[in-house]
Amino acid sequence: MNYSYQIDYKNNDIDRRIVMSRVSYRNGSHVCDVDDRFFDDRDCHLLGSSNGLVCISSFSSQLVVANPSTREVQTLQDPQIHDTKHLCWGFGYDSSTDDYKAVLGFRKRVGWTCFQVLSLKSNVWKLIGDVKYSFLSRIGILCNGALHWIMKDSSSPNKKRDITSFRLSEEKFIKIPQPDDERYESGVASRPNMNLGIMEDCLCVFPCDGFNDNVWMLKNYNGKLSWGMFEKECDMSLALQCLKEQEHYIPKKRTLCREMLFYKTREYICAPIYMESLVSPYVNGRPKRKTEEINSKKSCKDLLMFIWLLHPGS
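Read on for an overview of the structure. Quick caveat, the model's predicted, so the values are computed rather than measured. (Residues numbered from 1 in each chain as written. Predicted model: local features only at pLDDT ≥ 70, side-chain atom pairs only at ≥ 80, totals over all residues. Heavy atoms only, no water.)

Along the chain, the regular secondary structure elements total 3 helices and 21 strands. Working note: accessible area of the chain is about 17200 Å², and carbon and sulfur atoms make up 50% of it. (Helix = DSSP H or I, 4+ residues; strand = E, 2+ residues; numbered from the N terminus. Areas by Shrake-Rupley, 256 points an atom, 1.4 Å probe, with all protein chains shown as cover.)

Residues in a regular strand point their side chains to alternate faces of the sheet. By the criterion of burial, strand S14 (residues 161–167) is predominantly enclosed, with 6 of the 7 residues buried. In the sheet, strand S13 (residues 146–153) pairs with S14 via 7 bridges, with the strands oriented antiparallel. Considered in S14, the bridge of Met 151 is made with Asp 162. The pairing of S14 with strand S15 (residues 172–176) spans 5 bridges and is classified as antiparallel. If you follow Thr 164 over to S15, its bridge partner there is Lys 175. What sits between S14 and S15 in their antiparallel hairpin is a turn of 4 residues, with Glu 171 showing a positive phi close to 55 degrees. (Buried < 20%, exposed > 50% of the residue type's maximum accessible area, 1.4 Å probe, protein only. Pairing = 2+ DSSP bridges.)

Another aspect to go through is the environment of Leu 104. Within the secondary structure layout, Leu 104 lies in strand S8 (residues 99–109). Expressed as a C-alpha distance, the spacing of Leu 104 and Phe 115, which sit 11 residues apart in the sequence, is 5.6 Å. With residues up to four places along the chain from it excluded, the contact list for Leu 104 reads Pro 79, Ile 81, Leu 87, Cys 88, Trp 89, Cys 114, Phe 115, Gln 116 and Trp 125. (Contact = heavy atoms within 4.5 Å.)

Turning our eyes to something else, we now look at the pattern of salt bridges. Evaluated as defined, the whole model comprises 6 salt bridges. In this structure, Asp 94 engages Lys 101 in a salt bridge whose closest nitrogen and oxygen atoms are separated by 3.0 Å. Lys 101 carries the same exposure label as Asp 94, and that label is buried. Between Glu 171 and Lys 126 there is a salt bridge; the shortest N-O distance is 2.9 Å. (Salt bridge = Lys/Arg side-chain N within 4 Å of Asp/Glu carboxyl O.)

Our focus in this paragraph is the pairing of strand S5 (residues 63–67). With 5 of 5 residues buried, S5 is to be regarded as a mostly interior element. Residues of S5 alternate between two faces, with Leu 63, Val 65 and Asn 67 on one and Val 64 and Ala 66 on the opposite face, all of them buried. Here strand S4 (residues 53–57) pairs with S5 via 4 bridges, running antiparallel. Bridging across to S5, Ile 56 finds its partner in Val 64. For S5 and strand S6 (residues 72–75), the ladder comprises 4 bridges, and the chain directions are antiparallel. Paired with Val 64 across the strands is Thr 75, a residue of S6.

Turning our attention to the sheet that holds strand S9 (residues 112–119). The strand order across the open sheet formed by 4 strands is S7-S8-S9-S10, and the pairing between neighbours is antiparallel. The open sheet has two edge strands with one neighbour each: strand S7 (87–94) and strand S10 (125–131). Adjacent strand axes in the sheet meet at a mean angle of 20 degrees, parallel and antiparallel pairs treated alike. Taken together, the 8 bridges between S7 and S8 define a ladder with antiparallel strand orientation. Bridge assignment links Gly 90 to a residue of S8, and that residue is Val 103. (Axes fitted to C-alpha atoms, helices over the stretch in contact; angles between N-to-C directions.)

On to the environment of Phe 206. For Phe 206, the location among the structural elements is in strand S17 (residues 202–207). Distance from Phe 206 to Leu 196, taken between C-alpha atoms, is 6.6 Å for residues 10 residues apart in sequence.

What follows concerns the sheet that holds strand S19 (residues 226–230). Pairing in this open sheet of 4 strands is antiparallel, and the strands run S16-S17-S18-S19 from one edge to the other. The sheet terminates laterally at strand S16 (194–199) and S19, the two strands that pair on one side only. The mean inter-strand angle of the sheet, taken between neighbouring strand axes irrespective of direction, is 30 degrees. Relative to S19, strand S18 (residues 215–219) is paired through 5 bridges, and the arrangement is antiparallel. The partner of Leu 218 across the bridge, within S19, is Trp 227.

What follows covers the packing of aromatic side chains. Following the criterion strictly, the structure yields 7 aromatic pairs and no others. Centre to centre, the rings of Tyr 93 and Tyr 100 are 4.9 Å apart; their planes meet at 45 degrees, and the pair counts as tilted. Of the residues examined, Tyr 93 reaches a relative accessible area of 24% and is grouped as partly exposed. Judged by relative accessible area, which is 6%, Tyr 100 ranks as buried. Ring geometry for Phe 115 against Trp 149: centres 5.6 Å apart, planes inclined by 50 degrees, an arrangement best described as tilted. One end of the pair, Phe 115, is in strand S9; the other, Trp 149, is in strand S13, and 34 residues separate them in sequence. Residues Phe 115 and Trp 149 agree in their burial class; the two are buried. (Phe/Tyr/Trp six-rings, centres within 6.5 Å; stacked < 30°, edge-to-face > 60°.)

Next up, the structure:
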C-alpha cells in the first residue's frame with residue numbers, strides 16, 4: 001500500500017477513483033457512474049473505499065468488505081433495521097484502533113436519522129444515536145478520518161443544508177462551516193442541490209449539475225478551516241477502476257473489476273478514492289482454507305496415534 005502511495009505521489013497528476021460498472025439496458029454496454037447520484041435507481045451499491053478495501057451492498061442486499069486486488073471478501077453482519085429504503089452509508093479507516101468501520105444511517109422519523117456503526121474486528125452493529133437531521137446525500141465522503149454528508153437541519157426555520165462530519169475515531173458528529181463568501185452564496189448555495197467530493201486530499205462542495213462550475217475546497221482541515229475556490233478550467237487526469245455488479249461476491253472465485261479506464265474530467269470527484277493494496281478485510285486473521293483444515297485434522301490424528309503407541313493404556 002505504501003509503495004502504491006509513493007508511486008502516485010511521484011505521478012501526482014493521476015487521480016485514482018473507483019465506481020460501480022453497470023450494464024446498460026439499452027445496448028448491453030458497461031456504464032460507470034457515481035452511486036450517490038442514482039442511489040434509489042440501483043440495487044447494487046459501492047458504499048465506500050479505504051486503503052484498497054471497498055464496502056459493497058450486493059443485489060441480494062449482502063454487505064461485504066472486499067479487496068479487489070486480492071479478491072478476498074469478508075461478509076458483514078446484517079443490520080437490524082426496519083426501514084431498508086431510506087438509508088445513508090459510509091466506510092473508512094479508524095487509525096486510532098487500526099480498524100475499518102461501516103456506518104449506517106436510517107430515517108427513524110421525519111427529520112431524525114438514527115446511526116449505527118460496525119467495526120471489522122467485531123463484525124457487530126453498535127448504536128451511535130439519533131441526530132436531528134435528514135440526509136440529502138447517501139454515500140459519505142471520506143476525508144481526514146471522517147465521513148461527510150449533506151444534511152438538512154430539521155430544527156432550522158429555513159431548512160438550511162449543512163455539511164455534517166462523523167469522526168471515525170471519536171464516533172461523534174460535528175457541523176462543518178460553509179464558505180462565508182458572496183460567490184458561494186450566489187453560486188453553490190443558491191442551487192437546488194449540491195454535492196460533496198474530494199480533490200487533492202481536500203473536501204470540496206459543488207452544485208449537483210455543475211461539474212464545470214467553480215468547486216469550493218476545504219483546506220487546512222484540522223486547523224483553522226479555510227475554504228478556497230478551484231478554477232473551473234482545471235480538469236483531472238483520472239484512472240477509473242470499475243467494480244462489477246454481482247448478486248454474490250464470492251472470495252477468490254472471479255475478478256471483481258473490469259479494465260481500468262482513463263479520463264480527463266472532473267465528473268468523478270464525488271467517487272471514492274481507490275488505492276491498490278494487499279490489505280486484508282480479515283482484520284482478525286485470514287480464515288483457513290479447506291486443505292489447511294484437512295491437514296490440521298490429519299496432523300492431530302497422527303499425533304493422537306503416536307501418543308497412544310507410546311502409552312497404549314492411556
